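# Geometric and topological summary
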Amino acid sequence: MDVAKFERRAREFCGDCHAPPRAESFPKAAWKREVERGFAFYLEANRHDLVAPPEEEVEAYYRALAPDRLVVDPPKNESDGRASRFHRSTTAAPQLEPPAVSFVDWLPLPHHGQKRLLFCDMRSGLVGAVNIAGDASSVETLTTLRNPSRAALADLDGDGRDELVIGELGSLASEDHSRGAVVWLQWSQERGGWRQRLLVSGLGRVADVRPGDFDGDGDADLLVAEFGHLHTGRILLLENLGLERGMPKLREHVVDDRHGTIDVPVADLNGDGRPDFVALISQEHEVVEAFLNLGDGRFRRETIFAAGDPAYGSSGIELVDLDGDGDLDVLYSNGDTFGSDYLKPYHGIRWLENQGEFPFVEVELVDMVGVQAARAADIDDDGDLDVVAAGFLPKNLVARPEVSDRGSLIWLEQKEPRRFVPHALENGKFLHAALAIDDFDDDGDQDLAVGNFQDLDGPREPWLSLWWNGR
């Protein structure tokens, strides 16, 4: 076919509601399936306003430009012994089902104020807390939901004590439904246990929930990332109107109507005293955007980063001042391979550097296949921030021989400003969908916890793997 002649037509059709796909995102053999999926999405969206080019011609266009295969560079991990500072232990293995841990964080539990490793298991529905005592650990069950995604501390009733709010997916698999929810977990002193209370139901799959006083009235509102799937999904602000019979009365506001939002961390980005937030919106959008609080229930949207490819595989963000210059940057990872079945050469970890204007400046830190989560901390106690990243791949990709020597848990040591050197703590075990860093044993250095996510077959894995920093 005449590629140059057809290019404008193909890009206009495929790029009408998102960035046009890049031909190099898939090998030639994959484009028949990808074009069929694209046309199916168009029809499912009830779009009839475009003049669609012939499907076979779109496929021929992308096949003509695509590589024969995707080539992933060899890993760049330095084996200088630095990774030996860590030793590994685990929590007890689940008794009934393999783990599917989506979230882990080191948080003070409301009923006693002591910190625990709080985690959510999407398959069993467990919201649990690990009590660490040296290398030994025990797991406390806080509650059980259908498919909890993540938890956050929030004082919704204004009693001066943080409790837990939990996002409920409503299904382990990505699908459209209305089983998502936001749940309030209260500690009842009288009952001596946790009380599960439903705040909002009838939502799509809820991937994230964060508190913040967005309207400046002194109480905690809730920001909800309703990931959804294809036809469901939004960013919601649940305005706290006060208590009614002991329950927060919440008014729902739609902040953004796009599906695919993964993370919505809250922070005052512009120093005006009002909480803003940053959203990572995946699916076909693949953007990181700032939502600046205008103070009257409205937000101004600014682009921090746009991947320019609907198959980019965004997987997570963290807000952190990575260069110590006094403003918040974004630590961004893209390593989602579910639904594509290919190792991508452009997957990895990026620092989106805040230089005082939008968009932020993209700085590539390291390539990493399957990277699911990246967190910043001073691992070697030298006064600057390093990065730790964990990887997660479907079992058909984990089984590929070239994956066995690739870091599934890596430490990026910041040697000097803007230069990060990777050290592999673990190779080939791409089972980690969640990551937390903190001083779990109170010995003055930063330890690691990774949440494990395992298929139904294979050797049973624990909920969490702990990596103790020996400094």
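Notes on the structure follow. (Residues numbered from 1 in each chain as written. Predicted model: local features only at pLDDT ≥ 70, side-chain atom pairs only at ≥ 80, totals over all residues. Heavy atoms only, no water.)

### As for empty space enclosed by the protein
- Overall, the coordinates contain one cavity of 30 Å³ or more when judged by the stated rule.
- In this structure, the largest cavity encloses a volume near 210 Å³.
- Together, 17 residues line the largest cavity, and P75, D367, M368, V369 and R406 are the ones closest to its centre.
- Those elements giving two or more residues to the lining of the largest cavity turn out to be β22 (361-367) and β25 (407-416).
- When the residues that make up the lining of the largest cavity are grouped by side-chain class, the tally is nine nonpolar, three polar and five charged. (1 Å grid on protein atoms, 1.4 Å probe; cavity = no way out; pocket = protein on both sides within 12 Å on 5 of 7 lines; lining within 4 Å. Points joined across faces, edges and corners; volume = space filled by probe spheres on them. Helix = DSSP H or I, 4+ residues; strand = E, 2+ residues; numbered from the N terminus. Nonpolar A, V, L, I, M, F, W, Y, C, P; charged D, E, K, R; others polar.)

### Some details on the side chain of T143
- Tracing the sequence through the fold places T143 in strand β5 (residues 136-144).
- Residue class for T143 comes out buried when judged on its relative accessible area of 9%.
- Among the polar contacts listed, one links the side chain of T143 to the side chain of Q196, at a separation of 2.7 Å.
- Leaving out residues up to four positions away in the same chain, T143 has contacts with G125, L126, V127, I166, L185 and Q196. (Buried < 20%, exposed > 50% of the residue type's maximum accessible area, 1.4 Å probe, protein only. Polar contact = N/O pair within 3.5 Å; in protein donor to acceptor, adjacent residues only side chain to side chain. Contact = heavy atoms within 4.5 Å.)

### Describing the sheet that holds strand β6 (residues 148-154)
- Taken together, the four strands give an open sheet; going across it, the order is β6-β7-β8-β9, and neighbouring strands pair in antiparallel fashion. Unpaired on one side and paired on the other, β6 and β9 (193-203) mark the two borders of the sheet. Taking the axes of each pair of neighbouring strands and ignoring which way they run, one obtains an average angle of 20° across the sheet.
- Looking at chain direction, strand β7 (residues 163-168) and strand β8 (residues 180-188) are connected through five bridges and run antiparallel. Considered in β8, the bridge of L164 is made with L185. (Pairing = 2+ DSSP bridges. Axes fitted to C-alpha atoms, helices over the stretch in contact; angles between N-to-C directions.)

### Describing the packing of aromatic side chains
- Under the counting rule described, the total for this entry stands at 18 aromatic pairs.
- Relative to W194, the ring of W187 lies with its centre 5.3 Å away and its plane at 70°, an arrangement referred to as edge-to-face. With respect to burial, W187 and W194 carry one shared label: buried.
- The interplanar angle of 50° and the centroid separation of 5.1 Å between the aromatic rings of F305 and Y332 together place this pair among those described as tilted. Of this pair, F305 sits in strand β18 (residues 299-306) while Y332 sits in strand β20 (residues 329-334), and the two are 27 residues apart along the sequence.
- By the ring-pair criterion, three or more aromatic residues cluster together here, those being F26, W31, Y61, Y62 and Y342.
- Directly above the aromatic system of Y346 lies the positively charged group of R22, at a separation of 5.1 Å from the ring centroid.
- The ring of F26 has K344 lying over it, and the distance from NZ or CZ to the ring centre is 4.3 Å. (Phe/Tyr/Trp six-rings, centres within 6.5 Å; stacked < 30°, edge-to-face > 60°. Lys NZ or Arg CZ within 6 Å of the ring centre and 35° of its normal.)

### Some points on the pattern of salt bridges
- Applying the stated rule across the entire model yields 28 salt bridges.
- Between R37 and E34 there is a salt bridge, and its shortest N-O distance comes to 3.4 Å. With a gap of three residues between them, R37 and E34 both fall in helix α2 (residues 31-44), about one helical turn apart.
- You can call R37 partly exposed: its relative accessible area is 29%.
- Overall, the relative accessible area of 14% leaves E34 in the buried class.
- In this structure, D256 engages R301 in a salt bridge whose closest nitrogen and oxygen atoms are separated by 3.1 Å. Pair noted here: D256 is in strand β13 (residues 247-256) and R301 is in strand β18, with a separation of 45 residues, a long-range link.
- The exposure class of D256 is buried, given its relative accessible area of 5%.
- Looking at R301, the relative accessible area reads 47%, which means it is partly exposed. (Salt bridge = Lys/Arg side-chain N within 4 Å of Asp/Glu carboxyl O.)

### Examining the nonpolar core
- Judged by nonpolar contacts, the single largest core of 20 residues is most densely connected at V288, I304, F305, I317, V330, Y332 and L352.
- Residue assignment for this core shows that the elements contributing at least two residues are β16 (276-281), β17 (287-293), β18, β19 (314-320) and β20.
- By residue number, the principal contributor to this core is β17, which donates three residues.
- The contact partners of L352, leaving out residues within four places of it in the chain, are V288, I304, F305, D329, V330, Y332, F360, V361 and E362. (Core = buried A, V, L, I, M, F, W, Y, C linked by side-chain atoms within 4.5 Å.)

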